[in-house]
Amino acid sequence: MPTALVNGRVLLPKGIRDDCCVVIDHDRISGICAVPPPDVEPIDLAGQLLLPGFIDVQVNGGGGRLFNDDPSVETIATIAGAHRRFGTTGLLPTLISDDFSIIERGIAAVDEAIAMGVPGVLGIHIEGPFLSKVRRGIHLASMLQQFEDRFVDLLCSARHGRTVVTLAPECVSPAQIARLVQAGVIVSAGHSDADYETVRAAIDAGMTGFTHLFNGMSQLTNRAPGMVGAGLEDRSTYAGIIVDGHHIHPATFRVAISAKGTDRLMLVTDAMPTVGGASREFQLQGRTIRSDGDRLVSEDGVLAGSTLTMADAVANAIEQGRLSLASAVDMASRSPAHFLGLDRQTGAISLGLRADLVVMRDDLAVTGTWIGGIGHSADLDASRPAKGAGIRH
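Residues numbered from 1 in each chain as written. Predicted model: local features only at pLDDT ≥ 70, side-chain atom pairs only at ≥ 80, totals over all residues. Heavy atoms only, no water.

Trainee: Summarise the overall build of the protein chain; cite the residues concerned and give the values.
Mentor: The helix and strand tally for the protein chain stands at ten helices and 23 strands. The C-alpha atoms of the protein chain give 20 Å as radius of gyration, which agrees with the globular expectation for 393 residues (21 Å, within 12%). Principal axes of the C-alpha set define a box for the protein chain whose edges measure 60 × 45 × 40 Å. When contacts within the protein chain are restricted to residue pairs at least 6 apart in sequence, those whose partners lie at least 24 apart make up 69%. Of the charged side chains in the protein chain, 33 are positive and 44 negative, and the gap between their average positions amounts to 4 Å. (Helix = DSSP H or I, 4+ residues; strand = E, 2+ residues; numbered from the N terminus. Rg over C-alpha atoms; globule rule 2.2 N^0.38 Å. Contact = heavy atoms within 4.5 Å. Lys, Arg positive; Asp, Glu negative; His and termini not counted. Charge placed at Lys NZ, Arg CZ, Asp CG, Glu CD.)

Trainee: Can you lay out the layout of surface pockets for me, pointing to particular residues and giving the numbers?
Mentor: Roughly 350 Å³ of internal volume is contained in the largest pocket. The wall of the largest pocket is formed by 18 residues, among which Val-118, Gly-120, Val-121, Leu-122 and Arg-354 lie closest to the centre. Taken together, the residues that form the lining of the largest pocket break down as eight nonpolar, seven polar and three charged. (1 Å grid on protein atoms, 1.4 Å probe; cavity = no way out; pocket = protein on both sides within 12 Å on 5 of 7 lines; lining within 4 Å. Points joined across faces, edges and corners; volume = space filled by probe spheres on them. Nonpolar A, V, L, I, M, F, W, Y, C, P; charged D, E, K, R; others polar.)

Trainee: Lay out the nonpolar core with the relevant residues and their values.
Mentor: Core analysis: the largest hydrophobic core is formed by 96 residues, its most contacted members being Leu-51, Phe-54, Met-207, Ile-241, Phe-253, Leu-267 and Leu-340. In terms of residue count, the dominant contributor to this core is helix 8 (residues 310–321) (seven residues). With residues up to four places along the chain from it excluded, the contact list for Leu-267 reads Ile-55, Ile-241, Val-243, Met-310, Ala-313, Val-314, Ala-317, Ala-328, Met-331 and Ala-332. Formed by 14 residues, the second largest nonpolar core is a distinct cluster that contains Leu-5, Ile-24, Leu-50 and Ile-349. (Core = buried A, V, L, I, M, F, W, Y, C linked by side-chain atoms within 4.5 Å. Buried < 20%, exposed > 50% of the residue type's maximum accessible area, 1.4 Å probe, protein only.)

Trainee: Report on the pairing of strand 2 (residues 9–12), specifying residues and quantitative values.
Mentor: The side chains of a regular strand alternate, first on one face of the sheet and then on the other. Pairing of strand 2 with strand 7 (residues 49–52), which is carried by two bridges, proceeds in the parallel orientation. What sits directly across from Val-10, in strand 7, is Leu-50. Where strand 2 lies against strand 3 (residues 15–17), three bridges are found, and the strand directions are antiparallel. Of the residues in strand 3, the one forming a bridge with Val-10 is Arg-17. (Pairing = 2+ DSSP bridges.)

Trainee: So what about the packing of helix 7 (residues 250–260) against helix 8? Which residues, and what values?
Mentor: Packed helices, taken two at a time, are described by the angle their axes make and the gap between the axes. Between helix 7 and helix 8, the least distance of the axes is 9 Å, while the angle of their chain directions is 90°. By the angle class used here, helix 7 and helix 8 are roughly perpendicular. Across the interface between the two elements, Pro-250, Phe-253, Arg-254 and Ile-257 of helix 7 pack against Ala-317, Gln-320 and Gly-321 of helix 8. Per-class residue counts for the contact of helix 7 with helix 8 are four nonpolar, two polar and one charged. (Axes fitted to C-alpha atoms, helices over the stretch in contact; angles between N-to-C directions. Parallel < 35°, antiparallel > 145°, perpendicular 65-115°, else oblique.)

Trainee: So what's going on with empty space enclosed by the protein? Residues and values would help.
Mentor: Applying the stated criterion across every chain, the model contains two cavities of 30 Å³ or more. Quantified by volume, the largest cavity comes out at close to 60 Å³. If you go around the largest cavity, you meet 13 residues; those closest to its centre are Val-57, Ser-188, Phe-210, Thr-211 and Met-266. Of all the secondary-structure elements, those providing two or more residues to the lining of the largest cavity are strand 8 (54–59) and strand 15 (209–210). Here the lining of the largest cavity is built from residues that sort into six nonpolar, seven polar and no charged.

Trainee: Quick rundown of the state of the cysteines? Include the residues and the values.
Mentor: Evaluated as defined, the whole model comprises zero disulfides. Cysteine Cys-33 is unpaired, with the sulfur of Cys-21 as its nearest cysteine sulfur at 3.6 Å. Here Cys-156 stays unpaired: no disulfide links it, and the sulfur of Cys-171, its closest cysteine neighbor, is 18 Å away. (Disulfide = S-S within 2.5 Å.)

Trainee: Which residues make up the pairing of strand 13 (residues 162–167), and what values go with them?
Mentor: When you tally the buried positions in strand 13, you get five out of six residues, the bulk of the element. Strand direction decides the pairing type here: strand 12 (residues 123–127) and strand 13, joined by five bridges, are parallel. Directly across from Gly-123, in strand 13, lies its bridge partner Arg-162. Bridge count for strand 13 against strand 14 (residues 186–189) is four bridges, and the pairing is parallel. Across the sheet, the residue bridging to Val-165 is Val-187, located in strand 14. For the crossover that starts at strand 13, traverses helix 4 (residues 174–182) and ends in the parallel strand 14, the hand is right-handed. (Right-handed = clockwise from strand over helix to strand, strands pointing away.)

Trainee: Could you give an account of the packing of aromatic side chains, with specific residues and numbers?
Mentor: Counted by the stated rule, this structure contains six aromatic pairs. Summarising the aromatic geometry, the rings of Phe-147 and Phe-151 are spaced 6.0 Å apart at their centres and angled 80° between planes, so their arrangement reads as edge-to-face. Residues Phe-147 and Phe-151 agree in their burial class; the two are buried. Here a set of aromatic residues connected by ring pairs shows up, and it is made of Phe-100, Phe-130, Phe-147 and Phe-151. (Phe/Tyr/Trp six-rings, centres within 6.5 Å; stacked < 30°, edge-to-face > 60°.)

Quick look at the structure:
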C-alpha cells in the first residue's frame, strides 16, 4: 500500500514547506500534495524535517569494518547499515591503494551487492593506486604505481552502479583519462602534486571531480595555482570536501564556497570503521590507526580518513560555512547525485524520483530514513544530536 509522510517540514527544491505531504508508492515519490489521497497509509512525522537522503561518494568503512580488509557483500552491507543510521541513503564503498586482486574483489562485491539489492549501494570508488608518492597521505608508497593501458579493462569492469576512480593526473596521460571516461568511469583527481596545466589537461580530457579538495594535492600559491587553484577555478567540475574541522579550516571552506559554489561542492566523510563501530582503533594495511578525539591518525601523526558522519557534515557545513539548511543539504544530496549522473533518479524530493529520504529533528539528529521507498528507523545511538550549530533557514 502507498504511504504518505504527513505533518513534516519538507525540503523541496524551492525551499521548506510545512503544508504538504509526500506520497511514496513502491520505490518512488508519487505525489507531493496538501492532503493525503485516499487509500494510503499515513505516517506522522510530528513536525520533523523531511530531507533528501544523503549521498556519500567516499566511504572507506563503518560498523567496525574496512572495505580494503574484506571486500565482500557482507562488509558492504555492514558499512551501508552503519552509515544509514546517520542519514546516508546512497554511498560508494571506497578502496584505498591496494593490490589489484583487492580491486578485482571489490568490484565483484559491489556488483553482487547491487544485484542483491543491498540498500544504498550506488557503485564503487577506487582511490588509487595511480597516485603521487609526494602527496600520498595515508596510502602506502609500496602500493602506488604509474597507470598502464592494461588497467583500463579492470577499472571499467563493473556491471552495475557507478565507478569513480581517483588518480593523480601526472601519473596518467590525458588519452588514458579519455579512455576511462568514454568507458563510463567518473574520473576524479586527488593525492596529486600536478601543476595547474597538467590538471587543466585532465579536465579537458573528461575528468570531472576532485577528491577531498585541499587535502593531498598541490596547493594554490601566487605563481603556481596547482590543483587547488584549478579545482576552485573550474565550474564544470565537482569537488568532495571533508568538513570535520580537521581536514580544512572553516575559512578555507568558505573560500571554496565563494569560488566554486555549493552546487559544485559535495560533502564527503572519508569515513573509517569507527563510524558506527565500537572500537576507537583499527588496522589499516598493517598500521594501527587510533582516535585522537574526533580525529583518526596513524602512529606517525598522519590523518587517516575521518570519524565524520553525513549528519555531522551537514551540521558542520551550516556552522562553519555559514550556510542555510537547504544549501548544506544540497551539498549532501543534489550535488553528489549530479556528479554521479544520478540526478534523474535521486538527490531531491521531487515527483518521480526514488524515495531516498531522511527524517531529522531540529538538532539534526536522524530519526529515520527511506531507501527506495523502504523505511529504516535510526537506533538509539544515532539519535544523538549532530555536531554543529542549529538550523539556518
